[in-house]
Structures are given as structure tokens and as C-alpha cells.
Amino acid sequence: MLRTFFILIVLIHGLIHLMGFVKAFQLAPIQQLTKEISKPAGAMWLLAALLFVVSVVLLLLKAGWWQVGLAAVVLSQVLIFTVWQDARFGTIANVILLIGVLVGFMQWRFERGYREDVRIGLERTKALPAGTISEADMAPLPEPVQRYLRYAGVLNKPKIRGMRVVIEGGLREKGKEWMPFRSEQYNFFDVPTRLFFLKATMKGLPVHGYHAYKDGRASMLIKLLSILPVARAEGPDMNKAETVTYFNDLCLMAPPALIDPRIQWEPIDGLSARAIFTHQGIAIHAILYFNEKGQLINFRSDDRYALSEKKQLPFWTPAQDYKNFNGYHIGSYGEARWEYPEGQFAYGTFNLKEVEYW
């Protein structure tokens, strides 16, 4: 709602600038502007209007707009000063738009760190040899894990070095409302890395967050309007939690990456297996549950730290609605749940929108 209101202000304010163009070229009588406007100045009024319209288009496309918006505000204010008596109230709109530009700049600046980390990961992994997954690669795995990989379609396909995932869903804490979000993340498998950038809305205001897991160390920073920090975490508990999250991503969204010497497998029965994933001295444990089709339907780990509760809780991620993403069958819907003494609580829902592998 707030975003829609802001876009309307930008559009209306921009269109008002056409009055200066019309006045300068005598296309129609404009009684609101009493001072004469030259044709060169009229062209500037038209340019300001166009800059505001382009800003609206970029806002609707959710693309970077603050540079164009800043140029529009500066030009607009200069023009307002030339006809101050008639147009001075336009300064109020420009102040509102300048605040929006500042927020847009801070969002760009906050996301820039994520983009730089992604660039480094892509440059490193794109040049790595891939190889092909064979029967010999799968032979040491427990039978239900092998069946899952066959169902997913990894046999005789390249080993993947990384993936990009786009997710839409919701997040919440106990006793609070759902917060809708859209996220983009990159995972790199040579050196376990997970870069997760989230864009959400909380009470109508934009919230951005960056979770980074690199070299066995994790950090999380959530900012309201990309300016005010509302949550921050790092340290040993966070490192272990994100190691679980990274391994969970492999299991649910990157089946080919489960063929990895850093993973120790232990068979349990025909529909489940235990895994131990070790990286940078951190070993996490998980149990994977499968159905008769070979689909991975649930994942449990007791090694994940619940930040809101400040303690470790059993962590579950049921998955369903299997679909084909770029040649691999994986669950398109999942949930993240904490297990409390009174039962499980779903704090996250996840709908896969895009998955790319290389």
C-alpha cells in the first residue's frame, strides 16, 4: 500500500511538470503559472516529467531507480526555484521523493555486498571442470539415497558446481503475523558457500536481509528500509546453524551435490538414512526421509540453533509437489519447522520459482 502511494506521488508530480512545457510552447493556456517560461526552460520541464515517468516504470519493474529519481528531483527543484511563487509547493513532493531516493540508494548499497560475493563465487566455480555422475559414484550411498538420486535424474549428468535459486514464501515468529518475502540465493559447492538475499515487507515497509555462509563462518543482517538494523547474528551458534542450512539446501534442491566426500552416510532402513556433513571443523547430523517413489519428503537435524528461542531445537523441512527444474526433479514446496514440546511450528513456507545449475 505504501509503495503504491509513493508511486502515485512520483507519477502525479512528474506529470504536473508538463505544465511548464505546455506554457513555454503555448500549447494551451496555463493560468497556474503566471511567469513567462522560455522554450529552452520548457524543454527542461519536459525532461523532468520524463525522468519522473521513467522512475515510475523502474519502480514498477522493481529495478534500480534511485539514480534516475535523484536526477529528476534535482532538476525539478531547480525549475521550481525559477517559478517559486507559482510552484513552491512542489518542494514538498520533492522532499518526499528525496526520502524515497535515499531508501533506494541504501537498498542498492546494502545489496552491493551480496552481488560482489556472488561475482567472486561465479568467477571461481564457472571455470571448474564438472565431470559426470556415474553408477560408481552412487554405489557407496545408502539404498534410499541412491533411489532419490535416480528419481531426481542425476545419473549420467554433469556434477554441479553451483546453483541459483529464487523463492517466494512467508516467514514468521511465534505469535506474529506472516511476513511475505522473495529471495535470491547462490550456493557454491567447491568451497561450501551460501549467499541468501531476502526482500520482504513488514507492516507495509520494505525489509532486506543478507545471510552469508562463507569459509564455515556465517552472518545475518536484517535492515528495515535497508537503513535500520532490526536483527543481526554471527558467531559459533550461527556458524553451525548455517552449516545445517547449507546441507539442507543440497538435499532438497541440489541432489547431484550429495555425492561429496565431506558427507558420511549411514543407512537406517529402506526409507531413511543418516548423514554427517563436515566443513571447517563443524560436523552436523541429519536424517533424511523418503517415500516409495524415491522422493525426499522430510529432513531433520538437531544441530540448528533457533535464534528467536536462543537454543537448539529439532529442525524439520518437509517437501512436496515435485517438479522438473532444469532437468532435475525436486520438491517445489517446502516448509521450515521447529519442534517444540507441544508440537511442530512452521515458521517458513517456500515456493521454488527458479532454479539454475552450472
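Rules behind the numbers
Residues numbered from 1 in each chain as written. Predicted model: local features only at pLDDT ≥ 70, side-chain atom pairs only at ≥ 80, totals over all residues. Heavy atoms only, no water. Helix = DSSP H or I, 4+ residues; strand = E, 2+ residues; numbered from the N terminus. Polar contact = N/O pair within 3.5 Å; in protein donor to acceptor, adjacent residues only side chain to side chain. Contact = heavy atoms within 4.5 Å. Buried < 20%, exposed > 50% of the residue type's maximum accessible area, 1.4 Å probe, protein only. Pairing = 2+ DSSP bridges. Phe/Tyr/Trp six-rings, centres within 6.5 Å; stacked < 30°, edge-to-face > 60°. 1 Å grid on protein atoms, 1.4 Å probe; cavity = no way out; pocket = protein on both sides within 12 Å on 5 of 7 lines; lining within 4 Å. Points joined across faces, edges and corners; volume = space filled by probe spheres on them. Nonpolar A, V, L, I, M, F, W, Y, C, P; charged D, E, K, R; others polar. Patch = residues over 30% accessible without salt bridge, like charges linked within 9 Å, V, L, I, M, F, W, Y side chains within 5 Å. Areas by Shrake-Rupley, 256 points an atom, 1.4 Å probe, with all protein chains shown as cover. Salt bridge = Lys/Arg side-chain N within 4 Å of Asp/Glu carboxyl O. Axes fitted to C-alpha atoms, helices over the stretch in contact; angles between N-to-C directions. Parallel < 35°, antiparallel > 145°, perpendicular 65-115°, else oblique. Left-handed = near helix turned anticlockwise from the far one by under 90°. Core = buried A, V, L, I, M, F, W, Y, C linked by side-chain atoms within 4.5 Å.

A. How the structure looks around the side chain of glutamate 111. Tracing the sequence through the fold places glutamate 111 in helix α6 (residues 90–126). Of note is the side chain of glutamate 111, whose polar atom sits 2.9 Å from the side chain of arginine 115. With residues near it in sequence (within four places) discarded, glutamate 111 still touches Phe197 and Lys199.

B. Just the pairing of strand β8 (residues 272–279), in detail. With respect to burial, β8 is a largely interior element, six of its eight residues being buried. Counting the residues that bridge the hairpin from strand β7 (residues 263–269) to β8 gives two residues. The hairpin turn running from β8 into strand β9 (residues 282–290), its antiparallel successor, is two residues long, and glutamine 280 in that turn takes a positive phi close to 50 degrees.

C. Local environment of the packing of aromatic side chains. Using the criterion set out here, one finds 26 aromatic pairs in the structure. Residues tyrosine 186 and phenylalanine 188 carry aromatic rings whose centres are separated by 6.3 Å and whose planes lie at 20 degrees to one another, so their mutual orientation is stacked. The residues tyrosine 186 and phenylalanine 188 share a single accessibility class, namely buried. Seen from their ring centres, phenylalanine 315 and tryptophan 338 are 5.6 Å apart, and the 55 degrees between their planes marks the pair as tilted. Of this pair, phenylalanine 315 sits in strand β13 (residues 315–316) while tryptophan 338 is found in strand β15 (residues 328–340), placing the two residues 23 residues apart along the sequence. Under the relative-accessibility criterion, phenylalanine 315 is labelled buried at 4%.

D. View of the layout of surface pockets. Of the voids in this model, the second largest pocket is the one considered here, and its volume is about 1400 Å³. If you trace the second largest pocket, you find 37 residues lining it, with Arg3, Lys62, Gln107, Pro206 and His208 closest to the centre. For the lining of the second largest pocket, the element with the most residues is α6, which contributes nine residues. A per-class count over the lining of the second largest pocket returns 20 nonpolar, nine polar and eight charged.

E. Layout of a nonpolar patch on the surface. There is a patch of nonpolar side chains on the surface, built from Leu8, Leu11, Ile12, Leu15, Ile16, Leu18, Val53, Val57 and Leu61 and spanning about 740 Å² of accessible area. At the level of secondary structure, the elements contributing two or more residues to the nonpolar patch comprise α1 (2–16) and α3 (39–60). Here the nonpolar patch takes five residues from α1, the largest share from any one element. Position of valine 53 relative to the elements: it lies in helix α3.

F. Structural view of the environment of methionine 138. Tracing the backbone through its elements, the reader meets methionine 138 in helix α7 (residues 135–138). Residue methionine 138 is classed as buried on the basis of its relative accessible area, which comes to 0%. Along the chain, methionine 138 and leucine 258 lie 120 residues apart, while their C-alpha atoms are 9.5 Å from each other. Contacts of methionine 138, omitting those with residues within four sequence positions, involve Ile133, Gln146, Leu149, Arg150, Val154, Leu155 and Ile259.

G. Representation of the environment of lysine 353. The residue lysine 353 is located in strand β16 (residues 343–357) in this model. In this structure lysine 353 touches Val166, Glu168, Arg182 and Phe325, once residues within four positions along its chain are discounted.

H. Representation of the packing of α1 against α6 in the model. Viewed as axis vectors pointing N to C, α1 and α6 meet at an angle of 135 degrees, and their least axial separation amounts to 10 Å. On the basis of their axis angle, the class for α1 and α6 is oblique. Two packed elements cross with a definite hand, and for α1 against α6 that hand is left-handed. Mapping the contact onto sequence places Phe6, Ile9, Val10 and His13 in α1 and Gly90, Ala93, Asn94, Ile96, Leu97 and Gly100 in α6. Counted by class, the contact of α1 with α6 contains six nonpolar, four polar and no charged residues.

I. Region of the structure containing the nonpolar core. Ranked by internal contacts, the top residues of the largest apolar core, which has 64 residues, are Phe247, Leu258, Trp265 and Leu288. Among the elements that make up this core, the one with the highest residue count is helix α9 (residues 236–253) (eight residues).

J. View of the pattern of salt bridges. Considering all chains together, one arrives at 24 salt bridges under this definition. A salt bridge links glutamate 123 to arginine 119; the nearest nitrogen and oxygen atoms lie 2.8 Å apart. Separated by four residues within a single helix, glutamate 123 and arginine 119 lie in helix α6, roughly one turn from each other. By relative accessible area, glutamate 123 is classed as exposed at 55%. In this structure arginine 119 comes out as partly exposed when scored by relative accessible area, which is 37%. In this structure, arginine 124 engages aspartate 190 in a salt bridge whose closest nitrogen and oxygen atoms are separated by 2.7 Å. Of this pair, arginine 124 sits in helix α6 while aspartate 190 is found in the loop between β2 (179–188) and β3 (193–202), placing the two residues 66 residues apart along the sequence.

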